[in-house]
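# Structural features, examined
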Amino acid sequence: MRFIFPMLTILFLTGIPEQAVSQTQVTRILRGRVIDSAGNQPLAGATIQLLKTGRKTPVAGTVSGQDGRYRLETGNGEYEIIVEYAGYQPRRSAAFRLNDATPEKDLGEIRLAPAVAVLQEVVVQAEKSSMQLALDRKIFNVGKDLANAGGSANDILMNIPSVSVDPEGTVKLRGSDNVRILIDGKPSGLVSIKGGSGLNNLQAAMVERVEIITNPSARYEAEGNAGIINIILKKDRRQGFNGSFELIGGQPVNYGLAANLNYRRDKINFFLNYGVAYRIQPSRGRMTQELYGKDTLRIMKQHDEAELLGFNNNIRAGLDYFFTEKSVLTLAYLYRRSQGNRRRSFVYDDYIFDLNNLQSRQGRTQDEEETEPNTEITVNYKRSFAQKGHELTAEVKYLDYWENSDQTFEQWPEISAGRPVTTAARTIQRSLNDEWEKQYLLQLDYVKPIGSEGKFETGLRTSFRNMVNDYVVSERNATGGYVPLPGLDNIFEYDENIHATYAILGNRNGKLSYQGGLRAEWTDVTTILRETGQRNPRNYGNLFPSAHLTYSLPNDHGIQLSYSRRVRRPVYNDLSPYATFSDARNFNGGNPDLDPEFSDVFEIGHLKSFPKGAFSASVYFRNTTEKIERIRQVDKLGNAFTQPQNLLGEKAYGIEATGSANLRKWWKLDANINFFHARVDGSNILSVYKTETFSWFARQTSRFSLKHDLDIQLRMNYEARQRLVQGSRKGYFFTDLSFSKDILAQRGTLTLNVMDVFNSRKVFYIIEGPGFHTDALMGFRPRQINMTFSYRIRQAKGTKTVKMINTD
């Protein structure tokens, strides 16, 4: 592993192309705004290339900001620009001059239409980047990444720079699991009770792109100290019928079908996304635990194997009604139903003093049937006024989620007191668990331009959320009946109401852009245990300021300084007192007394655009109080219970660099590396729970475009060892390899994807506490191989058509 860092560093640094710099004595300014031609939505992260008239090589470039606006500096001359954005037709401007008579040029709104093959137009052979960089966010276009074919939304996140996903489905951004995951910019039942692991039920084919926002403004809800991951689902708005289909087969078993369809006629646009998948996901783990007594050493070795059979259906349908091109009403309905059967087996070996002295062995099995239906209804209205950028958006959303889990556990002795057990009664237990969630969300946003460069934004958001968990664990008695176990029969209720309002004011003065915002949130959370009458209300109000300063430097450089205050509120799983019961030695539960965690986040970012790529770097600092961390405790019998606790805090800082470059016509490179240091103080729990860690992770993706429409993609990932409050996580490395071939006149594509080629994505933990030491391999999943066939109807792939823009 010691050679991975130098390898990636050299590959990263040599991958940045030399800049073509025009030596000029004067500065001329070009500006404009890139928007969606159908919905008038700003397109953040669009690529703008500046070319001398009649030349093919760009002399400068940049990307559009969050509001779709861009600004370029150059010298005197006659120019054209090419504007590109994933999933849209690129556009090329008519020629224009910049000189003493015209020192500045505003090209106005450049409207990009969704991609569709158009004959007899200028063709640019460049492939659109899978990664687009801007100062305030990174945008990853899912369809351009071969490794996503045949996978789930969780697989997509594993392939994104700055993001990591552990085998248990926990999503981390820059090493922190305190990240807010949104679907189309709003909360979703897909990531509600189960968190990021719920994304396993959403097929990658339904996702258009993913946005990473590490330091959000006051416009966004304050939840998520590490930032926001926004998953944008596919939808089209151009006239006529278009769509795509995907057929998936894989091993271990992964069969699926996905369809994304759109039809627009005049003022009505219909859209439909459907995905169905059947998967069998095997996994295994092992654990060794040493328990230190006064004069005794007890050793427990545990092995487990599991298999999850899942059948998932997702359907999302809706329509846009265009009263005018500036007044659009959207109605959307999403229904998801997941059914699963989890079979898991455990073997527990207990030793005294050393591994030559086996005292007992027990076996245990889990058999779970699980059903999860989920419904979402959304009504959205957007009004664009005559003044460019003057907009009003209103949205109402309803979420309805239900989960039923029926589990049966059997446990039996195989060795007792060092001798085999020939006949023994089995202990049979049953766990019934019903969970319900209903949420109502209302959001209103208003944007008003001020002068030529400034704008004022304001809005409000309110949500009402109710969750109920009816939980009982019972054991079969001698007569065959089931009797509830003490303390494991109750109904847990979680009521959450959050109300917020915000205001943002921004402007530009020459090369300096500035924006300041303030968000106020009022939180009312109450948890109730109905059977025992325990009630725990929490009410608090908080202010969340944000500030962003951006300075444009010569030669397509930009620097941004940003600050925001963020929060992590304890949610349902954090507060629920129920413990998981599948593993008879290791229990996980919530903590009803948990307090929210707050962070102040500072970041300095730099962006450099090249004609053939872009490079961004940032330095960040995060100061967290009341940090929430899961703490493991082990009793004298060796049974472990893990639950979240509030630590005193954490101070973390890091450096991140991300680059994207076309090294050759046939070689496209994306690379990301992140170094971070964290100091965690948990001395309020135990004096020794203080730690400092320095860690890093890196990822590089190379895509090779060969002859005969054949593409090869190689991705390498490495995550270094990281110290934790109670121990450490060991480093690991894994590789993904993909092959893609266009067929049927580029309307179809065959993709072969091998995830974790060398079966090396194994995550080992060392956990230490008073009187115990634990080594564990958590939830290892073997190599996955998928073959995917996709077919497009009136959707282009590969070469781009470039329409002329009227700049008069």
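Up top you'll find the structure we're talking about.
Bear in mind the structure is a predicted one, so any value in this text is a computation, not a measurement. (Residues numbered from 1 in each chain as written. Predicted model: local features only at pLDDT ≥ 70, side-chain atom pairs only at ≥ 80, totals over all residues. Heavy atoms only, no water.)

## A few points about the overall build of the chain
- A tally of regular secondary structure across the chain gives three helices and 47 strands.
- The 808 residues of the chain split such that 57% are buried.
- Taking the contacts inside the chain whose residues are at least 6 apart along the sequence as the reference set, 68% of them involve residues at least 24 apart.
- For the chain, the accessible area works out to roughly 34,100 Å², and carbon and sulfur atoms hold 56% of it. (Helix = DSSP H or I, 4+ residues; strand = E, 2+ residues; numbered from the N terminus. Buried < 20%, exposed > 50% of the residue type's maximum accessible area, 1.4 Å probe, protein only. Contact = heavy atoms within 4.5 Å. Areas by Shrake-Rupley, 256 points an atom, 1.4 Å probe, with all protein chains shown as cover.)

## Remarks on the packing of aromatic side chains
- Evaluation of the coordinates by the stated rule reveals 22 aromatic pairs.
- Judged by centre distance (5.7 Å) and plane angle (65°), the ring pair of F409 and F581 falls under edge-to-face. Of this pair, F409 sits in strand β23 (residues 391–416) while F581 sits in the loop between α3 (572–575) and β31 (586–588), and the two are 172 residues apart along the sequence. Across the pair, exposure class does not vary: F409 and F581 are buried alike.
- Ring plane angle 20° and centroid distance 6.5 Å describe the contact between F544 and F598, whose orientation is recorded as stacked. With F544 in strand β29 (residues 534–553) and F598 in strand β32 (residues 597–610), the pair connects residues that are 54 residues apart, well separated along the chain.
- In textbook terms, an aromatic cluster arises when at least three aromatic residues are bridged by ring pairs, as seen for Y471, F492, Y494, Y572 and Y578.
- The ring of F322 is capped by R264, whose NZ or CZ atom sits 3.8 Å from the centre of that ring.
- Above the plane of the ring of F764 lies K730, whose end atom (NZ or CZ) is 5.7 Å from the centre. (Phe/Tyr/Trp six-rings, centres within 6.5 Å; stacked < 30°, edge-to-face > 60°. Lys NZ or Arg CZ within 6 Å of the ring centre and 35° of its normal.)

## Re the pairing of strand β4 (residues 69–74)
- Counting buried residues along β4, five of its six residues qualify, which places the element largely inside the surrounding structure.
- As defined by bridge partners, strand β1 (residues 28–36) adjoins β4 across six bridges and the pair is classed as antiparallel. Opposite R31, over in β4, you have R71 as the bridge partner. (Pairing = 2+ DSSP bridges.)

## Some details on the sheet that holds β31
- On the basis of which strands lie adjacent, the open sheet formed by three strands has the order β31-β35-β34 and mixed pairing. Because the sheet does not close on itself, it has two edges, and the strands there are β31 and β34 (628–634). Shown here is a sheet whose adjacent strand axes are inclined to one another by a mean of 30°, direction ignored. (Axes fitted to C-alpha atoms, helices over the stretch in contact; angles between N-to-C directions.)

## Thoughts on the sheet that holds β1
- Strand order in the open sheet formed by three strands is β4-β1-β8, and the pairing between neighbours is mixed. Two strands in the sheet have a free side with no partner beyond their single neighbour: β4 and β8 (104–112). Adjacent strand axes in the sheet meet at a mean angle of 20°, parallel and antiparallel pairs treated alike.

## Some thoughts on the pairing of strand β3 (residues 58–63)
- For β3, the buried fraction is high: five of the six residues fall into the buried class.
- Taken together, the five bridges between strand β2 (residues 47–52) and β3 define a ladder with antiparallel strand orientation. Directly across from L51, in β3, lies its bridge partner P58.

## So, the nonpolar core
- Among the nonpolar cores identified, the biggest contains 26 residues, and L157, V210, I229 and I231 are the most heavily contacted of them.
- When residues of this core are traced back to their parent elements, those giving at least two are α2 (153–158), β12 (163–165), β13 (171–173), β14 (180–183), β15 (207–213) and β16 (228–233).
- Not counting residues up to four positions away in its chain, the partners in contact with V210 are K138, I139, F140, V142, I156, L157, I160, I229, N230 and I231.
- V34, Y79, Y85 and L107 belong to the second largest nonpolar core, which has 21 residues in total. (Core = buried A, V, L, I, M, F, W, Y, C linked by side-chain atoms within 4.5 Å.)

## With respect to the pattern of salt bridges
- The full count for this structure, using the stated rule, is 41 salt bridges.
- In this structure, R342 and E368 form a salt bridge, with 2.7 Å as the shortest nitrogen-oxygen distance. Linking R342 in strand β21 (residues 327–352) with E368 in strand β22 (residues 358–384), this pair joins segments that are 26 residues apart in sequence.
- Its salt-bridge partner being E629, residue K627 comes within 3.7 Å of it at the nearest N-O pair.
- Through salt bridges with shared partners, a single network forms among R33, E109, R111, K382 and E391. (Salt bridge = Lys/Arg side-chain N within 4 Å of Asp/Glu carboxyl O.)

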